Amino acid sequence: MTTSLDPPLALRVRTHDMPVLEVRVNFGVFAGRHATPAEIDDLAHALREEAGSFTIVAEERHEFADDVEAAVHQVVIEIAAEDAGPAPDALCERIVIAADAWATACIAARHTGLDEL
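A brief report on the enclosed structure follows. Keep in mind that this is a model prediction, so the values were computed, not measured.

### A word on the sheet that holds strand 2 (residues 55–65)
Sheet strands line up and pair through hydrogen bonds in the backbone, either parallel or antiparallel. In space, the three strands of this open sheet follow the order 1-3-2, with antiparallel pairing throughout. If you trace the sheet from one side to the other, it starts and ends with strand 1 (21–25) and strand 2, each paired once. Shown here is a sheet whose adjacent strand axes are inclined to one another by a mean of 35°, direction ignored. In the sheet, strand 1 pairs with strand 3 (residues 68–79) via five bridges, with the strands oriented antiparallel.

### Things to note about the pattern of salt bridges
Pairing between side chains becomes possible if they bear opposite charge and their charged atoms approach one another. If you walk through the whole model with that rule in mind, you get six salt bridges. For Glu-50, the salt bridge goes to Arg-94, with nearest N and O atoms at 2.6 Å. Residue Glu-50 is found in the loop between helix 2 (37–48) and strand 2, and its partner Arg-94 is found in helix 3 (residues 88–110); the two are separated by 44 residues along the sequence. The exposure class of Glu-50 is partly exposed, given its relative accessible area of 26%. The partner of Arg-61 in a salt bridge is Glu-63, with the nearest N and O atoms 3.1 Å apart.

### Some remarks on helix 3
Count 3.6 residues to each turn of an α-helix, and residues three or four apart come out pointing the same way. Here helix 3 contains 23 residues, and its C-alpha end-to-end distance of 33 Å stays within 8% of the 33 Å for a straight helix at 1.5 Å per residue. When we look at burial in helix 3, the residues that qualify are Leu-91, Ile-95, Ala-98, Ala-99, Trp-102, Ala-103, Cys-106 and Ile-107. Considering only its buried residues, helix 3 is in contact with strand 1, helix 1 (27–31), helix 2 and strand 3.

### Quick look at the side chain of Arg-33
Looking at the element boundaries, Arg-33 is found in the loop between helix 1 and helix 2. A distance of 2.8 Å separates a polar atom in the side chain of Arg-33 from a polar atom in the side chain of Glu-39. Arg-33 has contacts with Phe-27, Gly-28, Glu-39, His-73, Cys-106 and Arg-110, leaving out every residue within four places of it along the chain.

### Some remarks on the nonpolar core
Formed by 23 residues in total, the largest nonpolar core has its most connected members in Phe-27, Val-75, Ile-79 and Trp-102. Listing elements by their share of this core, those giving two or more residues are strand 1, helix 1, helix 2, strand 3 and helix 3. The element that contributes the greatest number of residues to this core is helix 3, accounting for eight residues. Discounting residues that sit within four places of it in the chain, Trp-102 has contacts with Val-25, Phe-27, Ala-35, Glu-39, Ile-40, Asp-42, Leu-43 and Val-75.

### A closer look at the packing of helix 2 against helix 3
It is at 10 Å that the axes of helix 2 and helix 3 come closest, and there the two elements cross at 150°. Here helix 2 and helix 3 pass one another in a crossing that is right-handed. Packed against helix 2, whose contacting residues are Glu-39, Ile-40, Asp-42, Leu-43 and Leu-47, the element helix 3 presents Ile-95, Ala-98, Ala-99, Trp-102 and Cys-106 at the interface. In the contact of helix 2 with helix 3, the residues fall into eight nonpolar, no polar and two charged.

About the criteria used
Residues numbered from 1 in each chain as written. Predicted model: local features only at pLDDT ≥ 70, side-chain atom pairs only at ≥ 80, totals over all residues. Heavy atoms only, no water. Pairing = 2+ DSSP bridges. Helix = DSSP H or I, 4+ residues; strand = E, 2+ residues; numbered from the N terminus. Axes fitted to C-alpha atoms, helices over the stretch in contact; angles between N-to-C directions. Salt bridge = Lys/Arg side-chain N within 4 Å of Asp/Glu carboxyl O. Buried < 20%, exposed > 50% of the residue type's maximum accessible area, 1.4 Å probe, protein only. Expected span 1.5 Å × (residues − 1). Contact = heavy atoms within 4.5 Å. Polar contact = N/O pair within 3.5 Å; in protein donor to acceptor, adjacent residues only side chain to side chain. Core = buried A, V, L, I, M, F, W, Y, C linked by side-chain atoms within 4.5 Å. Left-handed = near helix turned anticlockwise from the far one by under 90°. Nonpolar A, V, L, I, M, F, W, Y, C, P; charged D, E, K, R; others polar.

Here you go:
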């Protein structure tokens, strides 16, 4: 048997710690594009006021079924149970408000028709 010190290119994940809070921002639906790295940094700065530790995933999701294909640019904010504090629902509400304000500002910076949202 040959062993390699290189990490595998693809691998199965057997377990996954689910975040206690997950906020999805349908960025691409309204912006028509992905969020830039600078915009993700801006979101992180805004979220620092609400949570000390979190994960932001900017993803391009492709979903397939029978005769349907969809591609969606999303930004996902995840907060682990140990970082959610004693009132996770209240924290989630604040995260949603901050994410909405961030997305609205990002879209407004490049679009003139933001009032259509």
